[in-house]
Amino acid sequence: MIEVSTRKAEGFQVMTEYGEWKVGLLGYSERFSRLAELERHLLTDEVFVLLSGKATLYTDKEAMEMARGCVYTVPVGVWHHIVVSNDANVLVVENRNTSRENTEKKYIDEKENK
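Note that this is a predicted model, so its numbers are computed, not measured.

Let us look at the pairing of strand β4 (residues 46-52). Working note: regular strand, side chains alternate between the two faces of the sheet. Where β4 meets strand β7 (residues 71-74), four bridges bridge the pair, whose relative direction is antiparallel. By the bridge assignment, Val47 is partnered in β7 with Thr73. Bridge count between β4 and strand β9 (residues 89-95): six bridges; the pairing is antiparallel. Across the sheet, the residue bridging to Glu46 is Glu94, located in β9.

Right, dumping it as structure tokens:
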């Protein structure tokens with residue numbers, strides 16, 4: 001039987017988990033409206049696919065405007081953050097055990113973002 005899931009909340013929501021992977025959808029929320037933090041996952045790469053709207057994928061070294069339908073792979077250990085438009089929908093794939101315990105965050109000085 002086919003399972004159908006729809007994102008029901010702002011921000012990131014896990015849609016399904018299977019084996020070692022989880023798949024989520026990411027949309028607009030306060031957290032993803034600006035570059036105020038970076039994170040890095042210690043155990044997994046993370047994949048982003050822009051489905052609709054606009055999104056910019058930041059690392060600590062570059063900013064990349066995402067193109068719809070392209071696959072962006074952020075390797076394990078790379079500092080990153082995504083900023084999305086109000087109408088954005090981004091597919092996210094990562095290791096199922098990705099959590100706060102194996103993710104590091106660093107916050108950016110708000111003055112640098114103005």
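So, about the layout of surface pockets. Taken as a whole, the largest pocket holds about 430 Å³ of empty space. Along the wall of the largest pocket there are 19 residues; nearest its centre are Phe12, Arg31, Glu39, His41 and Lys105. Going through the elements one at a time, β2 (21-27), β3 (37-41), β4, β8 (80-84), β9 and β10 (103-107) are the ones with two or more residues in the lining of the largest pocket. Residue classes in the lining of the largest pocket are distributed as six nonpolar, six polar and seven charged. Approximately 160 Å³ is the volume attributed to the second largest pocket. Around the second largest pocket sit Leu57, Thr59, Asp60, Lys61, Glu62, Met64, Tyr72, Thr73, Val74, Pro75 and Val78, which together line it. Looking at the lining of the second largest pocket, the elements that each hand over two or more residues are β5 (55-59) and β7. When residues in the lining of the second largest pocket are grouped by element, the largest group, three residues, is from β7. Residue composition of the lining of the second largest pocket, grouped by class: six nonpolar, two polar and three charged.

Pairing in this open sheet of five strands is antiparallel, and the strands run β1-β2-β9-β4-β7 from one edge to the other. The open sheet terminates on both sides in strands that have one partner only, identified here as β1 (12-18) and β7. Taken pair by pair, the neighbouring strands of this sheet meet at an average axis angle of 25°, ignoring direction. Two elements, β2 and β9, share seven bridges in a ladder whose sense is antiparallel. Among the inter-strand pairings, Gly24 is bridged to a residue of β9, identified as Val92.

Cut-off values and rules
Residues numbered from 1 in each chain as written. Predicted model: local features only at pLDDT ≥ 70, side-chain atom pairs only at ≥ 80, totals over all residues. Heavy atoms only, no water. Pairing = 2+ DSSP bridges. Helix = DSSP H or I, 4+ residues; strand = E, 2+ residues; numbered from the N terminus. 1 Å grid on protein atoms, 1.4 Å probe; cavity = no way out; pocket = protein on both sides within 12 Å on 5 of 7 lines; lining within 4 Å. Points joined across faces, edges and corners; volume = space filled by probe spheres on them. Nonpolar A, V, L, I, M, F, W, Y, C, P; charged D, E, K, R; others polar. Axes fitted to C-alpha atoms, helices over the stretch in contact; angles between N-to-C directions.

Keep in mind that these numbers describe shape and distance, not what the molecule does.
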